[in-house]
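These are the residues of each chain, in order.
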Amino acid sequence: MPMHERIIPYLERAGLYHLARLNSQWFWLDEPMVSAFIERWRPETHTFHMPFGECTVTLQDVAFQLGLPVDGEAVSGCLGEFETYMEGGRPAWEWFQDLFDANEETVRIYARAYIMMLLSTQLFGDKSANRVHIQWLPFVVNLDDMERYSWGSAALAWLYRCMCRVANRNVTNLAGPLQLL
C-alpha cells in the first residue's frame, strides 16, 4: 500500500513513521540465513546458540532497526476484551465501518488503514500474510494515543513467539518481524 504524504503526520504521531518508511522499501529476506537461525533457536532461553556463544534480538535492536518506541504502555489485549472498546455495545463490524468507511476525515481513515496494514504485515504478521487482524482496531481509534504504547517490546515478543513455534519440527513456515533477524 503506497504511503501518501498527507498521512505522514498521523504516522509520526503514532510513532510508526520510521516503520512505514522501511515498509516502502521491502526487505529482501535471506532464507538460508533465517533457516540457520531457526536451527539454532532455543525456546527455553529465547536465544540463538551459536558457535561463539549465545545471542538474541533485544529491545535495543528493535528500537534501532525498526524505530519503534520500546517504552510506554504494554500492547496487550485479546478479542475476549474487545467489547470493552466498543461504543454502546455495537457489533465490531459497525465500529470497523465507522472508523474506516466514514465520509469525513478521509485522510485519518487512510492513515488508520495504513497503520492496520503495518501492524498486521510488518510487525505481527501471520503465516497467511494476507490478513489484517481485528485485534489492532482498538489501537487505531485514537491515532494520537498510539505513540504511548511500547510497540517495540510487543514486536520483539511476537518474534520470540514465532521463533518458538517454528522451532517445533511440525511447523514449516516462519512469520513475524523477520527483518530483525
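All residue numbers here refer to positions counted from 1 along the written sequence of the relevant chain. Where totals are concerned, whole chains, interfaces and linings use all residues; where local detail is concerned, this predicted model gives features only for residues with pLDDT of at least 70, and gives and counts side-chain atom pairs only at 80 or more. Hydrogens and water molecules were not included; the side-chain quantities draw on all heavy atoms of the structure.

Per an unreviewed UniProt entry, the recorded name for the protein chain is Aminotransferase-like plant mobile domain-containing protein, and the organism is Arachis hypogaea.

Colleague: For the packing of aromatic side chains, give the residues involved together with the corresponding values.
Modeller: Only Phe, Tyr and Trp rings are paired, with Trp represented by its six-membered ring, and only when their centres lie within 6.5 Å; those with planes under 30 degrees apart are stacked, over 60 edge-to-face, the remainder tilted. In the structure shown here, the tally under the stated rule is 11 aromatic pairs. Note on W41 and Y160: the rings are 5.5 Å apart at their centroids and 45° apart in plane angle, and the pair reads as tilted. Of the two residues, W41 sits in strand 1 (residues 41-42) while Y160 sits in helix 8 (residues 151-166), which places them 119 residues apart along the sequence. For the pair formed by W41 and Y160, the shared burial category is buried. By the ring-pair criterion, three or more aromatic residues cluster together here, those being F124, W136, F139, Y149, W151 and W158. A helix here means a DSSP run of H or I that spans at least four residues, while a strand means a run of E at least two residues long, and both kinds are numbered starting from the N terminus. To sort residues, take the accessible area from a 1.4 Å probe on protein chains only and compare it with the maximum for the residue type: under 20% means buried, over 50% means exposed, and anything in between is partly exposed.

Colleague: Break down the sheet that holds strand 1 for me, with residues and values.
Modeller: The sheet built from three strands is open, its strands ordered 1-2-3 with antiparallel pairing. Strand pairing shows two members of the sheet lacking a second neighbour, strand 1 and strand 3 (53-55), which therefore form its edges. DSSP bridges decide pairing: two strands pair if at least two such bridges lie between them. Direction of pairing for strand 2 (residues 47-50) relative to strand 3: antiparallel, over a ladder of three bridges. Looking across to strand 3, one finds that F48 is bridged to C55.

Colleague: Which residues make up the side chain of T47, and what are the values?
Modeller: Tracing the chain through its elements places T47 in strand 2. Ignoring sequence-local partners within four residues, the contact set of T47 consists of R40, W41, R42, E54, C55 and T56. By the convention used here, residues are in contact when the closest approach between their heavy atoms is within 4.5 Å.

Colleague: Tell me about the nonpolar core, and name the residues and values.
Modeller: The nonpolar core is taken to be a set of buried Ala, Val, Leu, Ile, Met, Phe, Trp, Tyr and Cys residues, with the residues joined through side-chain atoms within 4.5 Å. W151 and L181 are the most contacted members of the largest nonpolar core, which has 50 residues in total. In contact with L181, other than residues within four places in its own chain, are M33, V34, F37, F48, V57, L159, M163 and L174.

Colleague: A description of the pairing of strand 2 should follow, citing residues and the corresponding values.
Modeller: For strand 1 and strand 2, the ladder comprises two bridges, and the chain directions are antiparallel. Bridge pairing in strand 2 links R42 to T47. The antiparallel hairpin formed by strand 1 and strand 2 contains four residues in its connecting segment, where H46 sits at a positive phi of about 55°. Between strand 2 and strand 3, which pair antiparallel one after the other, the connecting turn spans two residues.

Colleague: I'd love a proper account of the environment of A113, names of residues and values included.
Modeller: Structurally, A113 is set in helix 6 (residues 106-123). Here the alpha-carbon distance between A113 and V140, two residues 27 residues apart in the chain, equals 8.7 Å.

Colleague: Can you break down the environment of M117 residue by residue, with the values?
Modeller: Among the secondary structure elements, M117 is positioned in helix 6. Taking the C-alpha atoms as reference points, M117 and H133, 16 residues apart in sequence, are found 9.2 Å from one another.

Colleague: Give me unusual backbone geometry: which residues, what numbers.
Modeller: You will see that H46, though not glycine, has its phi angle at about 55°, which is positive. Turning to its location among the elements, H46 is positioned in the loop between strand 1 and strand 2.

Colleague: Give a description of helix 3 (residues 31-40) that names residues and reports values.
Modeller: Of the positions making up helix 3, those classed as buried are V34, F37 and I38. Buried residues in helix 3, looked at end-on, bunch into an arc of 100°, giving them a common side. Exposed residues pointing more than 90 degrees away from the buried face of helix 3 are listed as P32 and E39. Of the surrounding elements, those touching the buried residues of helix 3 are strand 1, strand 2 and helix 8. The arc in question is formed by the directions pointing from the helix axis toward the C-beta atoms.

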